[in-house]
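Observations on the model geometry
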Amino acid sequence: MDLEARNLQPSVRAGLLAKLREYKSDLNNLKGTLKRITTGNAQQGTREELLESGMADTLVVSADQRSRLLRTTEKQNQTTDRIRDSHSTMLETEDLGVSILHDLHQQRQSLLRANDTLHSVDDNISKSRRIMGAMVRRMDRNKWIIGLIVTLLVLAILVILYFKFVH
């Protein structure tokens with residue numbers, strides 16, 4: 001009983017250990033009384049009377065101890081059931097945590113792929129801007145060239161007309 005009481009919760013343990021010490025003290029007192037009676041030269045009738053009264057007290061104490069032991073065993077069984085329930089809840093929580101971590105890992109992978117795609121698109125947009133800039137510069141250059149050619153043609157026509165009508 002001493003070992004079982006020491007394995008319980010501290011709040012329950014203190015009370016049970018105090019009761020256990022009390023019972024041990026009572027038991028030692030009864031043993032001492034029994035030893036004095038059996039070793040002494042008392043009369044046989046007195047001796048039997050004391051033994052019977054001691055046995056009655058022992059039976060009452062024994063019944064009381066048995067009932068306390070049964071109550072303690074019941075509390076221990078209830079505690080064991082609560083521990084089992086807590087353990088199953090803990091396992092369920094652990095499974096849920098593993099599932100959440102797996103989902104988070106998948107989401108992280110999706111975000112990394114999206115990030116890579118975004119960088120690829122950004123690179124493509126940068127290339128497109130450079131190409132568009134080059135095309136705008138060529139278009140401007142071509143406009144100047146066409147404008148210059150048109151101007152030269154107009155000048156050439158004017159020169160031809162001038163020489164045709166003036167000479």
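All of these numbers come straight from a predicted model, not from anything done at the bench.

Brief notes about the overall build of the chain
Scanning the chain from terminus to terminus reveals three helices and zero strands. Along the chain direction, N to C, the helices and strands of the chain fall in the order α-α-α. In the chain, buried positions account for 5% of the 167 residues. Working note: accessible area of the chain is about 14,500 Å², and carbon and sulfur atoms make up 61% of it.

Section: the confidence of the model for the chain
Summing up the model confidence of the chain, the mean pLDDT is 84 and the portion of residues at 70 or higher is 83%. Predicted confidence in the chain is weakest over helix H1 (residues 2-6), with a mean pLDDT of 66, and strongest over helix H3 (residues 44-166), with 88.

Describing the UniProt feature "transmembrane region" (unreviewed entry) in the chain
In this numbering, the UniProt entry assigns the feature "transmembrane region" (unreviewed entry) to residues 144-163. Segment residues 144-163 splits into 100% helix and 0% strand. End C-alpha atoms: 28 Å apart.

Description of the pattern of salt bridges
Evaluation of the coordinates by the stated rule reveals two salt bridges. Asp64 serves as the salt-bridge partner of Arg68, at 3.4 Å between the closest nitrogen and oxygen. Taken together, the residues Arg68 and Asp64, both in helix H3 and four residues apart, mark about one turn of the helix. Looking at Arg68, the relative accessible area reads 23%, which means it is partly exposed. Classification of Asp64 by relative accessible area gives partly exposed; the value is 29%. We note a salt bridge from Arg84 to Asp81, for which the minimum N-O separation is 3.5 Å. With Arg84 and Asp81 both in helix H3 and three residues apart, the pair spans about one turn of that helix. Under the relative-accessibility criterion, Arg84 is labelled exposed at 55%.

What to know about helix H2 (residues 10-39)
Counting along an α-helix, one turn takes 3.6 residues, and residues three or four places apart therefore face a common direction. The end-to-end C-alpha distance of H2, which contains 30 residues, comes to 42 Å, matching closely the 44 Å that a straight helix rising 1.5 Å per residue would cover. When we look at burial in H2, the residues that qualify are Leu17, Leu20, Tyr23 and Ile37.

Notes on the side chain of Thr72
Within the secondary structure, Thr72 is located in helix H3. Take Thr72: its relative accessible area is 18%, and that puts it in the buried class. A polar contact is formed between the side chain of Thr72 and the backbone oxygen of Arg68, at a distance of 2.8 Å. When neighbours within four sequence positions are excluded, Thr72 is seen to be in contact with Leu8 and Leu16.

Basis of the calculations
- Residues numbered from 1 in each chain as written.
- Predicted model: local features only at pLDDT ≥ 70, side-chain atom pairs only at ≥ 80, totals over all residues.
- Heavy atoms only, no water.
- Helix = DSSP H or I, 4+ residues; strand = E, 2+ residues; numbered from the N terminus.
- Buried < 20%, exposed > 50% of the residue type's maximum accessible area, 1.4 Å probe, protein only.
- Areas by Shrake-Rupley, 256 points an atom, 1.4 Å probe, with all protein chains shown as cover.
- pLDDT = per-residue confidence, 0-100.
- UniProt positions renumbered as here; feature names shortened; annotations may be inferred.
- Salt bridge = Lys/Arg side-chain N within 4 Å of Asp/Glu carboxyl O.
- Expected span 1.5 Å × (residues − 1).
- Polar contact = N/O pair within 3.5 Å; in protein donor to acceptor, adjacent residues only side chain to side chain.
- Contact = heavy atoms within 4.5 Å.

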